[in-house]
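Architecture at a glance
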Amino acid sequence: MKPLLKLNTKEKAKLLHLLFPNEIPEFLNHLQQFCTHLHERQEGYEKLWNSRLMHFERWRVTSGYIVQLLESKRPKLESSSEAFASHLFFLDYATITVNQLSKYAETGCYNQRFKLAVPCFFQTTVNFLM
């Protein structure tokens with residue numbers, strides 16, 4: 001197995017899923033709530049948006065695709081680390097997913113090991129909302 005620092009984003013996501021399968025359904029709930037909320041209240045989000053990595057409209061559109069993905073493939077994303085990593089951790093999807101994974105670990109998760117693992121796996125330094 002490669003050292004954690006040499007894993008790419010998809011490999012880290014797959015490993016995180018394998019290590020913490022019980023956290024994945026709750027994280028997916030969090031991700032879906034965020035993406036849905038972003039669409040319902042897009043004007044409020046757009047006013048506060050920090051577009052250093054991604055323009056708001058691109059984020060909004062991608063989050064809509066994530067909602068569709070979660071609605072159509074939820075059981076597979078929960079049960080398969082390969083599907084979880086392949087579908088949610090590439091290109092713009094990864095930007096949103098990693099951002100919300102970090103937020104979930106900080107605020108929504110009660111599993112202390114998961115809270116510690118997420119920043120080790122995905123070091124994020126940019127907040128998209130001010």
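Read on for a plain summary of the structure.

Scoring rules and cut-offs
- Residues numbered from 1 in each chain as written.
- Predicted model: local features only at pLDDT ≥ 70, side-chain atom pairs only at ≥ 80, totals over all residues.
- Heavy atoms only, no water.
- Core = buried A, V, L, I, M, F, W, Y, C linked by side-chain atoms within 4.5 Å.
- Buried < 20%, exposed > 50% of the residue type's maximum accessible area, 1.4 Å probe, protein only.
- Helix = DSSP H or I, 4+ residues; strand = E, 2+ residues; numbered from the N terminus.
- Contact = heavy atoms within 4.5 Å.
- Axes fitted to C-alpha atoms, helices over the stretch in contact; angles between N-to-C directions.
- Parallel < 35°, antiparallel > 145°, perpendicular 65-115°, else oblique.
- Nonpolar A, V, L, I, M, F, W, Y, C, P; charged D, E, K, R; others polar.
- Phe/Tyr/Trp six-rings, centres within 6.5 Å; stacked < 30°, edge-to-face > 60°.

A closer look at the nonpolar core
Grouped together as the largest cluster of nonpolar side chains are 39 residues, with contacts concentrated most on L16, L88 and F114. Listed by contribution, the elements that provide at least two residues to this core are α1 (9-19), α2 (24-40), α4 (56-79), α5 (81-88), α6 (91-108) and α7 (112-121). In contact with F114, not counting residues within four places along its chain, are L16, F20, E23, L101, Y104, A105 and C109.

Let's talk about the packing of α4 against α6
For the pair α4 and α6, interaxial distance at closest approach is 9 Å and the crossing angle is 80°. The orientation of α4 relative to α6 falls into the category roughly perpendicular. Along the contact surface, α4 presents R58, W59, T62, S63, Y65, I66 and L69, while α6 presents D92, Y93, T95, I96, T97 and N99. In terms of residue class, the contact of α4 with α6 is made up of six nonpolar, five polar and two charged.

Describing the packing of aromatic side chains
Scanning the entire structure with this criterion turns up twelve aromatic pairs. Between the aromatic rings of W49 and F56, the centroid separation amounts to 5.1 Å while the plane-to-plane angle is 75°, which identifies the pairing as edge-to-face. Residue W49 shares its accessibility class with F56, and that shared class is buried. Note on F89 and F122: the rings are 5.6 Å apart at their centroids and 20° apart in plane angle, and the pair reads as stacked. Pair noted here: F89 is in the loop between α5 and α6 and F122 is in the segment after α7, with a separation of 33 residues, a long-range link. Taken individually, F89 and F122 each receive the classification buried, so the pair is uniform in this respect. Three or more aromatic residues joined by ring pairs form one cluster here, namely F20, F27, F84, F89, Y104, F114, F121 and F122.

Some remarks on the side chain of Q32
Counting through the fold element by element, Q32 comes out in helix α2. The contact partners of Q32, leaving out residues within four places of it in the chain, are V67, L70, E71 and R74.

Here's the deal with the environment of F20
Among the structural elements, F20 can be located in the loop between α1 and α2. The exposure class assigned to F20 is buried, which follows from its relative accessible area of 14%. Separated by 65 residues in the primary sequence, F20 and A85 have C-alpha atoms spaced 13 Å apart. If sequence neighbours within four positions are ignored, F20 has contacts with N111, R113, F114 and A117.

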